[in-house]
Every structure is written in structure tokens, then in C-alpha cells.
Amino acid sequence: MKHLMSPLDLSLEELDQLLDLAGDIEKNPTKYAHACEGKKLATLFYEPSTRTRLSHEAAMLNLGGSIMGFSSANSSSAAKGETVSDTVQTVGCYADIIAMRHPKEGAPMVAAKRSPIPIINAGDGGHHHPTQTLTDLLTIRSLKGRLDNLTIGLCGDLKFGRTVHSLIQAMSRYENVNFILISPEELRLPSFIRVDVLEKNNIPYKEVVTLEDAMAELDILYMTRVQKERFFNEEDYIRMKDFYILDNAKMELAKEDMFVLHPLPRVNEIAVEVDDDPRAAYFRQVQYGVYVRMALILTLLDIHVA
Ligand code: CP
């Protein structure tokens with residue numbers, strides 16, 4: 001049985017097939033409308049979410065399947081001390097596939113060891129968020145027509161941002177990809193990505209502090225939120241939270257064919273005025289997230305539509 005724990009669980013060939021399937025789903029949604037009839041998705045969310053939970057649910061509903069689940073630990077028996085292993089063995093009696101988000105790094109991996117059904121890691125602490133990465137890859141490929149020969153700027157909380165860590169790992173597998181890491185000193189990319197992924201694989205990158213230092217070079221700007229929930233100290237969060245604000249003046253420094261992505265939710269880091277810029281692609285990215293999760297559910301359930 002296959003689970004999805006990290007974006008690197010898929011070979012480049014499998015990833016291409018998944019993105020191609022997502023592209024076909026986008027073009028021919030009715031072809032897939034009954035593909036998962038009789039199948040059930042359980043969303044087990046121990047941490048808040050809007051997009052990841054609802055897009056998995058939308059994906060299963062679009063495929064003709066059904067959904068069940070909980071949206072907080074407090075509304076499940078986790079509040080009584082039940083382990084994730086016991087929970088997935090229970091849910092395996094009700095559902096065919098699970099999407100799990102958990103604040104503890106590695107929790108979905110622990111769950112997968114005992115699960116009788118496929119598990120999708122829907123985000124584990126500061127570790128991985130593979131379905132966001134699949135969304136990001138599909139968005140970039142759809143907008144730019146390629147996943148190689150790109151300069152990608154990643155801006156904001158590069159220390160705790162699991163979407164950033166997963167995206168760097170995934171994009172590092174393509175030819176001629178450069179990264180510009182835009183963060184304050186306190187939120188720099190941690191060494192398990194900077195050294196172990198970028199430096200060990202000779203992938204070019206540079207670190208800058210201001211957006212202005214990067215904008216003109218970028219093909220993709222990936223903005224991220226400073227995540228209040230990852231800080232131990234409120235003072236540090238307040239000091240960092242408005243460090244970056246992308247506005248129309250900064251967008252003027254960028255190429256005509258640069259695109260702005262953001263995993264969302266945003267707080268203040270992208271001014272609302274930028275939403276009207278045709279290069280603002282973060283809500284299109286949300287829609288791609290549904291197509292790619294449809295493709296992932298079909299793939300993990302080994303369902304093929306002729
Ligand atoms: N992008 C993302 O993970 O959003 P949610 O936290 O709303 O699921």
C-alpha cells in the first residue's frame with residue numbers, strides 16, 4: 001500500500017504522471033465525476049486548516065465519493081489520550097483513505113505504520129506539507145509551462161515554513177533551478193535544507209534580506225506567512241510579523257511574466273491591492289490544489305479512468 005508522507009515519495013516519473021492526470025482532470029472534470037463512487041475519505045485534522053481539509057474533501061466529492069472526519073483534536077478521542085496509531089486503525093474500519101494533519105513532526109508517519117488504508121500527510125508540524133508541494137508544482141508547471149530553468153524566490157518564514165522546505169526539496173530535482181532565499185536573519189532556512197539539500201547537491205542559492213534585492217531576477221515569488229503558532233515567544237512574533245509586505249510598488253520591480261504564489265492563509269505579507277495584478281496567482285493555486293488532490297486520491301486508491 002502506498003502513503004504520501006513527503007514530496008520525495010514520488011519519483012520524477014510518478015510525479016509527472018500525477019501532474020498529467022491533474023491536468024486531464026482540469027480539462028475533463030465530468031470524466032472523473034463517478035470514479036470514487038462508494039469510496040470514503042476521512043480527514044483527521046489535529047490542527048486548524050481551511051484549504052487543505054476542504055480541498056481534500058472537495059476532491060473526493062468531485063470524484064463521486066463521500067467524506068467524514070474531524071477538524072480539531074478536541075472534537076476527537078485524541079482529547080481523551082488516544083494515539084494516532086489507534087485512531088487510524090479505527091478509522092480504517094470506516095474509510096478507504098485518510099488525510100491527516102498533525103502539529104507533531106512525524107505523526108502521520110507513525111500512523112502510517114499501523115494504518116490499514118493509505119494516509120496522506122496533510123502537514124506535520126514544521127516538517128512537510130506534500131500536497132501543498134504538489135499544488136505548487138502543478139501551479140508552476142501550468143503557469144510557466146515548465147519546472148526547470150527557473151529562479152524561485154522564497155520569502156518570509158523560511159525557518160518554520162514547511163511548505164518552503166517541501167518545495168525546495170521537490171524543485172531541487174529539476175535542472176537549472178536557482179533559489180533566492182529572502183528572510184530576516186532569525187527566520188533563515190534551517191541547515192537540514194540549506195546544507196543537506198542545496199549545498200550537498202550543488203544547487204545555486206543566495207540569501208538576501210529585502211524583497212527589493214530579489215524582485216527583478218525572479219520567475220516565481222513564493223510568499224509565506226510568519227506563523228504565530230510556531231513561535232514560543234510573542235515578542236519575537238510581533239517583531240517579525242510585518243517584516244515583508246508585498247505591494248504594487250514592489251511588483252513594479254518584477255518581470256512581466258513573474259508569478260506570485262502563496263500557500264495561504266495570508267495575514268499582512270501581500271497587500272490586497274496586489275490581488276488585481278494578473279501576476280498574482282495565489283487563488284488560482286487554490287484551484288490547482290483541488291485538481292492535484294483528485295489525482296492523488298485516484299493514484300493512492302489505484303483507480304484508473306479510461
Ligand atoms: N495552505 C494551507 O495549508 O492552508 P490551510 O492551513 O488553510 O490548510
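Cut-offs used in this document
- Residues numbered from 1 in each chain as written.
- Predicted model: local features only at pLDDT ≥ 70, side-chain atom pairs only at ≥ 80, totals over all residues.
- Heavy atoms only, no water.
- Salt bridge = Lys/Arg side-chain N within 4 Å of Asp/Glu carboxyl O.
- Helix = DSSP H or I, 4+ residues; strand = E, 2+ residues; numbered from the N terminus.
- Buried < 20%, exposed > 50% of the residue type's maximum accessible area, 1.4 Å probe, protein only.
- Arc of directions from axis to C-beta.
- Contact = heavy atoms within 4.5 Å.
- Pairing = 2+ DSSP bridges.
- Axes fitted to C-alpha atoms, helices over the stretch in contact; angles between N-to-C directions.
- Near = heavy atom within 4 Å.
- Polar contact = N/O pair within 3.5 Å; in protein donor to acceptor, adjacent residues only side chain to side chain.
- Areas by Shrake-Rupley, 256 points an atom, 1.4 Å probe, with all protein chains shown as cover.

Visitor: So what exactly am I meant to see when it comes to the pattern of salt bridges here?
Guide: Side chains bearing opposite charge may pair, as long as their charged atoms lie close to each other. Tallying each qualifying case throughout the model produces 16 salt bridges. Here Asp-16 makes a salt bridge to Arg-141, at a shortest N to O gap of 3.9 Å. Pair noted here: Asp-16 is in helix H1 (residues 12-27) and Arg-141 is in helix H5 (residues 130-144), with a separation of 125 residues, a long-range link. Note on Arg-141: relative accessible area 22%, which makes it partly exposed.

Visitor: Sorry, what's going on with helix H4 (residues 107-114) here?
Guide: Along an α-helix, residues three or four positions apart point the same way, because every turn accommodates 3.6 residues. For H4, the complete set of buried residues consists of Ala-107, Pro-108, Ala-111 and Ala-112. Buried positions in H4, seen along its axis, are confined to an arc of 135° and lie on one side of it. Facing away from the buried side of H4, by more than 90 degrees, are the exposed residues Lys-113 and Arg-114. Each element contacted by the buried residues of H4 is listed here: helix H3 (84-91), strand S3 (97-102) and strand S4 (119-124).

Visitor: Would you explain the sheet that holds S3 in this entry?
Guide: Think of a sheet as strands paired side by side through backbone hydrogen bonds, with each pair either parallel or antiparallel. Ordered in space as S2-S1-S3-S4, the four strands form an open sheet in which the pairing is parallel. In the strand order of this sheet, the two ends are held by strand S2 (66-70) and S4, each with one partner. Between one strand axis and the next, the sheet turns through 15° on average, direction left out of account. Where strand S1 (residues 40-45) meets S3, five bridges bridge the pair, whose relative direction is parallel.

Visitor: Whenever I open this one, the site of the ligand confuses me. Can you help?
Guide: The local shell around the ligand consists of Ser-49, Thr-50, Arg-51, Thr-52, Arg-101, His-129, Gln-132, Pro-263 and Leu-264. The separation between an oxygen atom of the ligand and a polar side-chain atom of Arg-51 is 3.0 Å. Measuring from an oxygen atom of the ligand, one finds a side-chain N or O atom of His-129 at 2.8 Å. About the coverage of the ligand: the protein hides 91% of its 260 Å² of free accessible area.

Visitor: Would you mind going over the sheet that holds strand S8 (residues 220-223) with me for this structure?
Guide: Spatial strand order, S7-S6-S5-S8-S9: five strands in an open sheet with parallel pairing. Each of the sheet's edge strands pairs with one partner strand only, and the pair in question is strand S7 (205-208) and strand S9 (259-261). Sheet twist, expressed as the average angle between the axes of neighbouring strands with direction ignored, equals 20°. Here three bridges tie S8 to S9, and the two strands are oriented parallel to one another. Note that in S9 the partner of Tyr-222 across the bridge is Leu-261. Strand contacts of helix H6 (residues 162-171): strand S5 (150-155), strand S6 (177-182) and S8, with the helix running at about 165° to S5, the strand carrying the most contacts. Where helix H7 (residues 191-199) meets the sheet, it contacts S6 and S7, and its direction lies at approximately 155° from that of S7.

Functional significance is not addressed by these values, which are geometric in nature.
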